[in-house]
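Close look at the chain arrangement
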Amino acid sequence: MFEHMKNYKDLLKKISKWMKTDGFLFVEYFCHKTYAYHFEDVDEDDWITRYFFSGGTMPSANLILYFQDDISVVNHWLVNGKHYAQTMYRMIVAAFIQLFPIKFVGNYSIFIYDLLIYQANSNLMDKSTKAVQSLMESTYGKDSPAKWMVYWRTYFMSIAELFGYNDGEEWMVALCLFKRK
């Protein structure tokens, strides 16, 4: 969740005080390979920033390494973004199949169905449409579950495309193991 944070220095200082003297901290965060940037809500089109990353920063792969006043890096790994992209696709595809059932009329429909299954073996969000709708109602109110289901679906698709871009070598997942100083 470090991509939802700012002021890593203060955050890591607080965390270090919670750690045992010989303790370790394992951090996983989404990142861009080179650039850190703030999520800024500038206009109506920035709803993903507003609702999903409000006030956060997309760290660069090495940004957190600059904040070692209270903890030290033991190891740092980068995981190609393709894996996370696949996870996001799995979150959405099954719902498409459930919400818009494919009528099996000829090879074309079967091809589309096979393509969707190939893209994601199971879609957790969409396999449980009623449960998800109920969750959206209890979280965001009874008047807007459809809006939030669309927001979440669009979020998953956007993140999947982002992390799959450039064969997963642009946005990725960073893993960092720290020890207390």
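As recorded in an unreviewed UniProt entry, the protein goes by S-adenosyl-L-methionine-dependent methyltransferase and comes from Helianthus annuus. Reading the Sequence similarities (unreviewed entry) entry of the UniProt record for the protein gives the comment "Belongs to the CFA/CMAS family."

Right, let's get into the overall build of the protein. Along the backbone of the protein there are seven helices and five strands. Taken from N to C terminus, the helices and strands of the protein fall in the order α-β-β-α-β-β-α-α-α-α-α-β. The burial tally for the protein puts 38% of its 181 residues in the buried class. Relative to all contacts within the protein whose residues are 6 or more apart in sequence, the contacts with residues 24 or more apart total 79%.

Attention shifts here to the packing of aromatic side chains. Within this structure, the stated rule accounts for 21 aromatic pairs. Taken together, a centroid distance of 5.8 Å and an interplanar angle of 55 degrees make the contact between tyrosine 8 and phenylalanine 67 tilted. Remark: phenylalanine 67 occurs in the loop between strand 3 (57–58) and strand 4 (71–79) and tyrosine 8 occurs in helix 1 (residues 8–18); sequence separation between them is 59 residues. Residue tyrosine 8 is classed as buried on the basis of its relative accessible area of 5%. For phenylalanine 67, a relative accessible area of 24% puts it in the partly exposed group. Consider the rings of phenylalanine 30 and tyrosine 84, whose centres lie 4.5 Å apart with planes at 40 degrees: the pair is tilted.

Calculation criteria
Residues numbered from 1 in each chain as written. Predicted model: local features only at pLDDT ≥ 70, side-chain atom pairs only at ≥ 80, totals over all residues. Heavy atoms only, no water. UniProt positions renumbered as here; feature names shortened; annotations may be inferred. Helix = DSSP H or I, 4+ residues; strand = E, 2+ residues; numbered from the N terminus. Buried < 20%, exposed > 50% of the residue type's maximum accessible area, 1.4 Å probe, protein only. Contact = heavy atoms within 4.5 Å. Phe/Tyr/Trp six-rings, centres within 6.5 Å; stacked < 30°, edge-to-face > 60°.

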